[in-house]
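# A structural walkthrough
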Amino acid sequence: MSAESPQTLKWDVRYPHVLPVTVRPEDTDGMGHTNNVVYLGWLERVAWDHSHKLGMTLDRYKALDAGCVARRHELDYLAPTFVGDALQVGTWIIENDRRLTMWRGYQIIRPSDGKVVMRAKTQWVCVDMQHGRPRRMPPEFAVYVPA
């Protein structure tokens, strides 16, 4: 068993934002492995954590009357995970057109064997917070810099 830190794992980008998670019994399905919806929840959690680190909290979005909503998710499940598995969930910005959309990449790695268990990406669209209509990104969204 390896005790690798997030920095020594084989990430797809040099400096992902990383959040540790551990698979809990309630995360599994009838087949005994992590349910696919749980992975999506982890991706949302790491995305928010990364946004907060960049100073983009829900309160900041409300003040700007601009936030991001998911338009498209692409998730590739590469290996199953099970109760007790400690995982590292990483995220980064792939692309930001600084107008309306950006893509965020994700990778989930199991440090015990170095296995990449998931790769994913999400397209986010900027919307006004009051009506949910697409709107141009405010200048503050420039903090979402591609890795």
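Let me sum up the structure you'll find in this document. (Residues numbered from 1 in each chain as written. Predicted model: local features only at pLDDT ≥ 70, side-chain atom pairs only at ≥ 80, totals over all residues. Heavy atoms only, no water.)

Turning our attention to the side chain of asparagine 96. Relative to the helices and strands, asparagine 96 resides in strand S3 (residues 86-96). Overall, the relative accessible area of 12% leaves asparagine 96 in the buried class. Engagement of the side chain of asparagine 96 in a polar contact is seen with the backbone oxygen of phenylalanine 141, the distance being 3.4 Å. Ignoring any residue separated from it by four or fewer positions in sequence, one finds asparagine 96 in contact with Thr101, Met102, Met137, Phe141, Tyr144 and Pro146. (Helix = DSSP H or I, 4+ residues; strand = E, 2+ residues; numbered from the N terminus. Buried < 20%, exposed > 50% of the residue type's maximum accessible area, 1.4 Å probe, protein only. Polar contact = N/O pair within 3.5 Å; in protein donor to acceptor, adjacent residues only side chain to side chain. Contact = heavy atoms within 4.5 Å.)

Okay, the pairing of strand S4 (residues 101-110) next. The element S4 is largely enclosed, with a buried count of 10 among its 10 residues. Taking every second residue as pointing to the same face, both faces of S4 are buried, with Thr101, Trp103, Gly105, Gln107 and Ile109 on one and Met102, Arg104, Tyr106, Ile108 and Arg110 on the other. Two elements, S3 and S4, share eight bridges in a ladder whose sense is antiparallel. From the neighbouring strand, asparagine 96 faces S4, where its bridge partner is methionine 102. Bridge count between S4 and strand S5 (residues 115-127): 10 bridges; the pairing is antiparallel. (Pairing = 2+ DSSP bridges.)

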